Amino acid sequence: MKDGDTAIVFLGHDSMFPVKVQHGGQTQTKYGVIRHSTDLIGKRFGSKVTCSKGGWVYVLHPTPELWTMNLPHRTQILYSTDISIITMMLELKPGSVVCESGTGSGSLSHAIIRTIAPTGHLYTVEFHQQRAEKAKEEFCEHKVDHLVTVKNQDVCKNGFGVTNVADAVFLDIPSPWEAIGHAKDALKVKGGRVCSFSPCIEQVQRTCLAMEEHGFTEMNTLEILPRVYDVRTVSLPVADLGKGSDDPSSSGMDRTSKLSQASVCSNPPQDVAQFKSGVPLKEVVGHTGYLTFATKSLF
């Protein structure tokens, strides 16, 4: 870690926060004070740091996933579940050129930059001036500003400012159907992929109509709903099924009768076995938005 770096102070899976490492700086935690000059600067990311009260924390590198969980929210953001599908369906890879609007809090932007580095480039457009300036500042602090160009303009009126250079376009704006023409112009002549994120199905319908009008093909809409299971180990009695089938004195009728008796027996057998049980949680993460993908036609 160096002076000026961003780090994630990890107290637990449900308790972490970002800090800017500064010479002479201090960070207060429930385990005591972290002194940047002696506890952070010069140490490797992932180090276990002892605080002034004797407790300890981990100080982690701000990966896109950790940054998504800890970034300052200026807008609603995309989380890793949707981001992973976007990265796959847009076929992003090192060297890809991507156009994005709007930048928002920069959650998706950081993930895209990590994927297209070291030779790709992200052109991201944000309508709100203060948000655009703050995003540009964060990209500089995280030392990825050479991989991204931030523009403050209305993508629905002025487009992305580039033509026939992008491998993929991502739209996260209230009226994406107004930007489909500009997305087509930004994509390479030989085709490319576009994705639009919208919370309402009516937005999806209008966007699909606009995509069809501009000659896009392979349109499909996805909604990602994770289902988390609570996995635990349970102990269950092993049923006494009676004599085996190789016993000549045991007929099929006898085996069926003994199985029934074992299943309703009030005194369970002594043998107990352990099994893994998975039960879905009662409360699950609900709807976030619809992801609509399409391909620019080659003709």
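Residues numbered from 1 in each chain as written. Predicted model: local features only at pLDDT ≥ 70, side-chain atom pairs only at ≥ 80, totals over all residues. Heavy atoms only, no water.

Would you mind showing me how to read the pairing of strand β8 (residues 121–125) here?
Consecutive side chains of a regular strand alternate in pointing toward one face of the sheet and then the other. The buried fraction of β8 amounts to four of the five residues, a majority that puts the element mostly inside the structure. Relative to β8, strand β7 (residues 97–101) is paired through five bridges, and the arrangement is parallel. Within β8, the residue paired with Val 98 across the bridge is Leu 122. Crossover handedness for the path β7 to helix α4 (residues 107–116) to β8: right-handed. With four bridges connecting them, β8 and strand β9 (residues 148–151) associate as parallel partners. (Buried < 20%, exposed > 50% of the residue type's maximum accessible area, 1.4 Å probe, protein only. Helix = DSSP H or I, 4+ residues; strand = E, 2+ residues; numbered from the N terminus. Pairing = 2+ DSSP bridges. Right-handed = clockwise from strand over helix to strand, strands pointing away.)

Can you help me understand unusual backbone geometry in this one?
For the bond from Ser 101 to Gly 102, the omega torsion is -5°, close enough to zero to count as cis. If you trace the backbone, Gly 102 turns up in the loop between β7 and α4. Even without being a glycine, Glu 91 presents a positive backbone phi close to 60°. For Lys 143, which is not a glycine, the phi torsion comes out positive at approximately 60°. Considering the arrangement of structural elements, one finds Lys 143 in the loop between α5 (129–141) and β9.

Would you mind showing me how to read the UniProt feature "binding site: S-adenosyl-L-methionine" (unreviewed entry) in the chain here?
Per the UniProt entry, the sites bearing "binding site: S-adenosyl-L-methionine" (unreviewed entry) are Ser 105, Gly 106, Ser 107, Leu 108, Glu 126, Asp 154 and Asp 172 in this numbering. Ignoring any residue separated from it by four or fewer positions in sequence, one finds Ser 107 in contact with Thr 68, Leu 71, Ile 77, Leu 78 and Ile 83. Relative to the helices and strands, Asp 154 is located in the loop between β9 and α6 (155–158). In this structure Asp 154 touches Phe 127 and Gly 159, once residues within four positions along its chain are discounted. Of note is the side chain of Asp 154, whose polar atom sits 3.0 Å from the backbone nitrogen of Cys 156. (UniProt positions renumbered as here; feature names shortened; annotations may be inferred. Contact = heavy atoms within 4.5 Å. Polar contact = N/O pair within 3.5 Å; in protein donor to acceptor, adjacent residues only side chain to side chain.)

Can you walk me through the pattern of salt bridges in this structure?
Counted according to the given criterion, the structure contains nine salt bridges. The partner of Glu 137 in a salt bridge is Lys 134, and the shortest N-O contact between them spans 3.4 Å. Here Glu 137 pairs with Lys 134, and both are found in helix α5, just three residues apart, close to one helical turn. By relative accessible area, Glu 137 is classed as partly exposed at 38%. For Arg 232, the salt bridge identified is with Asp 230, shortest N-O distance 2.4 Å. Under the relative-accessibility criterion, Arg 232 is labelled partly exposed at 44%. (Salt bridge = Lys/Arg side-chain N within 4 Å of Asp/Glu carboxyl O.)

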